[in-house]
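Analysis of the macromolecular model
Now for the letters of each chain:
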Amino acid sequence: MDKLITVKGFMRIFSVLLLIVLIMFVTNYLLMKNSTQRLYEQMKENNRLIVSGIIQSIDDTFKDINNLIYSIDTLPYNPSDNQEVDYTNYLLYKDMHKLITLSSSHDYIEEVVVFFDQSDLAITSKGTIDLNEFFNEQYKNKRNNAMFWTSFFSDEKPLEIFPAKTYMKKVSGDNYRSKNLITIAGNTQFSSKNIIVFLDVDAMLEIIDQKTMMDETSFLILDQNNNIVLTTEEKINLGEVVRGLYVDEGEQTILKNQIYEYVVYKSDYNGFTYINRIPIQYTTVASITDDQQTIILISGIITLLLLFVLSLYLFRPMKKVSSIIGGEPNWKSIYRSILHLKQDIIKYKNIEKTLQSELNRHIFIKAMSEGNSKNENYLPLKGYFSNILKDRQFILLKFGFDRKSTNDVEDCKEFIERGLKEELHYRTVFLRNDIEFLILIGIDQASERKYVIQSIQKLMERAQISMKGDIYAIISKPYDSRIDHLRTAFQDITYTSLYRNVGIDSMLYDAETIQHTIQIYFPVEKIEKLPNLIVSGKENDAIHIINDIIKENVDMNIQRHQFLAILQSLLLYMKRHLQLNKDDQHQLYTLEMNFDSNMRESQNLEELKLSFMKIVKFVIEKGTQTKKQESKLNPVFIAQYIELHYMDNLYLEHMAKITETSSKYFSKYFKNAFGVNFVEYLHRVRINYAKEHLKNENTTIAEIGEKVGYLNATTFASTFKKYTGLSPTKYREKIINQDFNYKHNSIQIKRTGETK
């Protein structure tokens with residue numbers, strides 16, 4: 001059974017390799033066949049273009065010869081009986097010589113002969129000669145001798161082309177050289193001249209230039225009677241080609257047999273037929289094909305042997321692997337085992353990556369928080385820090401998301417990493433808690449920090465849209481890439497979070513742009529009125545004072561810790577006379593805890609103000625309800641009554657009567673509840689209102705004293721000075737100067753913020 005499994009496994013490998021090789025061989029064979037066919041077609045096309053040029057050149061040659069004969073025939077020289085025959089022949093010779101020289105075909109014109117009827121004198125391009133001597137001595141041909149041409153021209157003959165024949169040309173003495181010449185002869189009605197033109201076949205064949213034509217091809221020219229005028233091959237049988245062949249002038253046709261393909265073209269000028277014979281199978285191409293097939297066959301045999309050896313070589317390790325992982329020695333079983341192993345490796349790598357990331361995050365954040373370079377937490381971080389931050393300087397950035405956001409932590413981290421990759425050379429992102437990320441950004445020089453800020457602003461704009469929640473960022477100053485600077489950069493982040501200016505609209509807080517302010521807007525006289533306004537039900541006035549204080553401080557661009565201290569102070573003043581049951585106390589405690597959480601965590605000023613105003617409205621609501629209590633002996637009622645009647649003639653007995661108690665008991669109760677006696681408290685309320693009148697009205701001091709309950713101007717002035725240290729007149733002047741300086745300083749602070 002084991003042997004069968006082994007043979008089966010080996011055959012699988014061999015079969016797969018054999019299939020691959022067969023596909024390769026078939027593909028190569030088809031490619032070879034197609035390339036050979038394309039080569040043959042390309043050769044045919046090139047040959048066609050060459051032959052077309054040859055035909056055009058020969059046609060032009062015959063046209064030129066025809067024009068030459070016509071020009072000679074029209075020369076005004078005819079035989080006469082006068083004494084100037086020799087001179088006439090001389091003139092004819094000179095003009096004929098010029099015409100031959102000017103002819104474009106003069107390179108292959110062997111000779112031109114002109115003679116007249118009843119004359120034995122021939123005129124050639126070289127002079128005059130006896131007609132018999134020329135044909136019997138200079139250019140000898142057994143058939144085409146002087147008698148033949150005399151007989152030929154006995155009648156008027158049209159232009160006729162004689163096939164190429166061999167003439168013996170006299171060189172010198174008894175030395176002759178054979179010349180293959182085409183003869184063109186004829187006479188016309190224009191004159192009695194008999195004209196014969198001899199064309200050098202060898203010179204014309206140079207026009208054809210067989211080297212440019214395909215090997216094994218032939219080219220020949222037939223006249224109107226299918227006689228061969230010119231051919232590149234002597235032994236050629238055209239019987240089956242021209243038999244019954246009819247081709248219109250200017251047309252082309254193709255004939256084929258088992259061996260050759262004939263491209264036949266008939267000239268529209270002289271009716272000559274041009275034939276280009278092309279072999280169906282080129283010997284050169286066939287030999288190349290046979291060689292390639294032989295190579296393929298030999299390589300196939302060698303490949304089969306190599307396949308057998310390679311199959312044995314591959315099967316041995318596969319058998320060892322199968323013995324380790326179990327199962328049959330085949331690729332399918334091994335693949336399944338490797339796939340399971342790969343999945344396990346990926347799983348454990350992810351676990352390792354998560355653990356390492358968490359460990360790095362813990363070490364990194366703890367090192368920044370504790371900040372001692374000699375601390376043992378810095379030791380594992382040194383090597384890690386040098387690997388992740390190779391730039392000359394770095395910037396520490398904190399990204400924070402709204403706690404109310406429903407975005408997944410990993411989604412937030414992926415968004416930050418993707419956004420930073422597009423714009424910056426960030427190094428790593430650490431999750432500090434569920435909503436905050438710390439990012440190290442590498443820079444080469446401090447001037448790159450502006451570009452970093454611009455890129456972060458773009459990222460925050462995209463986050464507002466895609467992450468659907470508030471996002472803020474705090475950026476540190478640039479520091480050299482040293483491990484001990486991590487703590488300093490983290491302190492920048494912490495300091496900026498606590499002490500940043502509240503008048504900045506952007507959610508990007510920069511450690512370099514914090515403006516330290518000393519002045520704040522905290523109008524004590526208005527704030528002291530808040531409890532009385534609340535218990536007296538003047539909700540709109542109280543909210544107006546609070547909003548005015550918040551707005552003025554935001555406009556002054558005070559720091560966050562100052563702003564929070566102002567809000568907390570306002571809460572303390574508002575709760576001064578508030579009396580609550582247990583349920584209301586618990587509800588107020590919940591609101592204050594929520595406000596305290598927002599003070600520590602919220603980066604959004606509007607969200608912080610909203611949380612604060614919830615407490616304000618709750619306090620106002622409960623203060624108004626206290627007003628309706630049945631018992632009049634309570635701080636809320638007493639404060640509200642004084643707030644409403646401070647301008648009247650209030651005295652201790654009157655208040656005791658109002659609260660339905662004795663003067664002595666009321667005095668003791670009032671001091672325990674308010675911390676001061678009744679008269680002291682009343683003077684303070686009246687003086688606070690007097691301050692408002694002095695600040696906002698231009699009425700006289702006496703009139704203001706009457707408005708706040710002092711019928712005597714001197715009493716008002718002395719009491720006012722006692723509690724403020726200034727007379728009413730001096731106080732008014734001081735308030736005017738302070739108001740001018742305050743507005744001037746506010747403008748300066750705004751301008752400074754805009755410039756930065």
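Just above, that's the structure.
A brief report on the enclosed structure follows. (Residues numbered from 1 in each chain as written. Predicted model: local features only at pLDDT ≥ 70, side-chain atom pairs only at ≥ 80, totals over all residues. Heavy atoms only, no water.)

A short note on the packing of aromatic side chains
Applying the stated criterion across every chain yields a total of 32 aromatic pairs. On the basis of an interplanar angle of 85° and a centroid distance of 5.8 Å, the ring pair of Trp-149 and Phe-152 is categorised as edge-to-face. Residue Trp-149 and its partner Phe-152 are both found in helix α4 (residues 146–152); the two are separated by 3 residues, about one turn of the helix. Side by side, Trp-149 and Phe-152 carry an identical accessibility label, which is buried. Here the aromatic rings of Tyr-167 and Phe-198 are separated by 5.5 Å at their centres, their planes lie at 75°, and the arrangement is edge-to-face. Note that Tyr-167 is positioned in strand β5 (residues 160–172) and Phe-198 in strand β7 (residues 193–200), a separation of 31 residues in sequence. In terms of burial, Tyr-167 and Phe-198 fall into one category: buried. Through a chain of ring-to-ring contacts, the aromatic side chains of Phe-115, Phe-134, Phe-135, Tyr-139, Phe-148, Trp-149, Phe-152, Phe-153, Phe-162, Tyr-167 and Phe-198 assemble into a single cluster. The ring of Tyr-260 carries Arg-277 above its face, with NZ or CZ at 4.1 Å from the centroid. The ring centre of Tyr-509 lies 4.1 Å from the NZ or CZ of Arg-500, which sits over that ring. (Phe/Tyr/Trp six-rings, centres within 6.5 Å; stacked < 30°, edge-to-face > 60°. Helix = DSSP H or I, 4+ residues; strand = E, 2+ residues; numbered from the N terminus. Buried < 20%, exposed > 50% of the residue type's maximum accessible area, 1.4 Å probe, protein only. Lys NZ or Arg CZ within 6 Å of the ring centre and 35° of its normal.)

So, a nonpolar patch on the surface
There is a patch of nonpolar side chains on the surface, built from Val-16, Ile-20 and Met-24 and spanning about 270 Å² of accessible area. Within the secondary structure layout, Ile-20 lies in helix α1 (residues 2–73). Take Ile-20: its relative accessible area is 42%, and that puts it in the partly exposed class. (Patch = residues over 30% accessible without salt bridge, like charges linked within 9 Å, V, L, I, M, F, W, Y side chains within 5 Å. Areas by Shrake-Rupley, 256 points an atom, 1.4 Å probe, with all protein chains shown as cover. Salt bridge = Lys/Arg side-chain N within 4 Å of Asp/Glu carboxyl O.)

Looking at the side chain of Thr-61
Tracing the backbone shows Thr-61 in helix α1. The buried category is assigned to Thr-61, whose relative accessible area is 1%. A polar contact is formed between the side chain of Thr-61 and the backbone oxygen of Ser-57, at a distance of 2.9 Å. (Polar contact = N/O pair within 3.5 Å; in protein donor to acceptor, adjacent residues only side chain to side chain.)

Thoughts on a negative patch on the surface
Among the surface-exposed residues, Asp-120, Asp-130, Glu-133 and Glu-137 lie close enough to one another that they form a single negatively charged patch. Inspection of the secondary structure puts Glu-137 in helix α3 (residues 131–138). (Lys, Arg positive; Asp, Glu negative; His and termini not counted. Charge placed at Lys NZ, Arg CZ, Asp CG, Glu CD.)

A few points about the nonpolar core
Leu-397, Phe-399, Ile-439, Val-452, Ile-456, Met-460 and Ile-475 are the most contacted members of the largest nonpolar core, which totals 39 residues. Within the residue set of this core, elements represented by two or more residues are α8 (331–370), β13 (393–401), α10 (409–423), β15 (436–443), α11 (449–466), β16 (471–475), α12 (485–499) and β18 (508–510). Setting aside chain neighbours within four positions, we find Leu-397 in contact with Phe-437, Leu-438, Ile-439, Ile-441, Ile-456, Ala-473, Ile-474 and Ile-475. If you look at the next biggest cluster of nonpolar residues, it comprises 37 residues, including Ile-109, Ala-203, Phe-219 and Ile-221. (Core = buried A, V, L, I, M, F, W, Y, C linked by side-chain atoms within 4.5 Å. Contact = heavy atoms within 4.5 Å.)

Some remarks on the sheet that holds β7
The strand order β3-β2-β1-β7-β6-β5-β4 describes an open sheet built from 7 strands, whose pairing is antiparallel. Strands with a single pairing partner mark the edges of an open sheet, and in this sheet they are β3 (127–130) and β4 (139–140). As paired strands, strand β1 (residues 109–116) and strand β2 (residues 121–124) are joined by 3 bridges and run antiparallel to one another. Looking across to β2, one finds that Val-113 is bridged to Thr-124. (Pairing = 2+ DSSP bridges.)

Structural notes on the packing of helix α14 (residues 539–555) against helix α15 (residues 560–574)
Contact geometry of α14 with α15 gives a least axis separation of 11 Å together with a crossing angle of 165°. Put simply, α14 runs roughly antiparallel to α15. As α14 packs across α15, the resulting crossing turns out to be right-handed. Along the contact surface, α14 presents Ile-546, Ile-549, Ile-550, Asn-553 and Val-554, while α15 presents Phe-563, Ile-566, Leu-567, Leu-570 and Met-574. Class assignment of the residues belonging to the contact of α14 with α15 gives a composition of 9 nonpolar, 1 polar and no charged. (Axes fitted to C-alpha atoms, helices over the stretch in contact; angles between N-to-C directions. Parallel < 35°, antiparallel > 145°, perpendicular 65-115°, else oblique. Left-handed = near helix turned anticlockwise from the far one by under 90°. Nonpolar A, V, L, I, M, F, W, Y, C, P; charged D, E, K, R; others polar.)

Focus on the sheet that holds strand β10 (residues 252–256)
A sheet is described by the order of its strands in space; here 5 strands give the open sequence β9-β8-β12-β11-β10, paired in antiparallel fashion. If you trace the sheet from one side to the other, it starts and ends with β9 (228–231) and β10, each paired once. Each strand axis lies, on average, 20° off the axis of its neighbour in the sheet, ignoring direction. Both strand β8 (residues 218–222) and β9 contribute to a ladder of 3 bridges, which runs antiparallel. Its bridge partner being in β9, Leu-222 is matched across the sheet by Ile-228.

Some details on the environment of Leu-420
Along the polypeptide, Leu-420 turns up in helix α10. Among the residues examined, Leu-420 registers a relative accessible area of 2% and is labelled buried. As for Leu-420 and Ser-455, which are separated by 35 residues in sequence, their C-alpha atoms are 8.1 Å apart.

Points about unusual backbone geometry
Residue Asn-557 is not a glycine yet carries a positive backbone phi of 60°. With respect to the helices, strands and loops of the structure, Asn-557 is situated in the loop between α14 and α15. With a phi angle near 60°, Glu-660 is a residue other than glycine that sits in the positive phi range. Positionally, Glu-660 belongs in the loop between α19 (652–658) and α20 (663–674).

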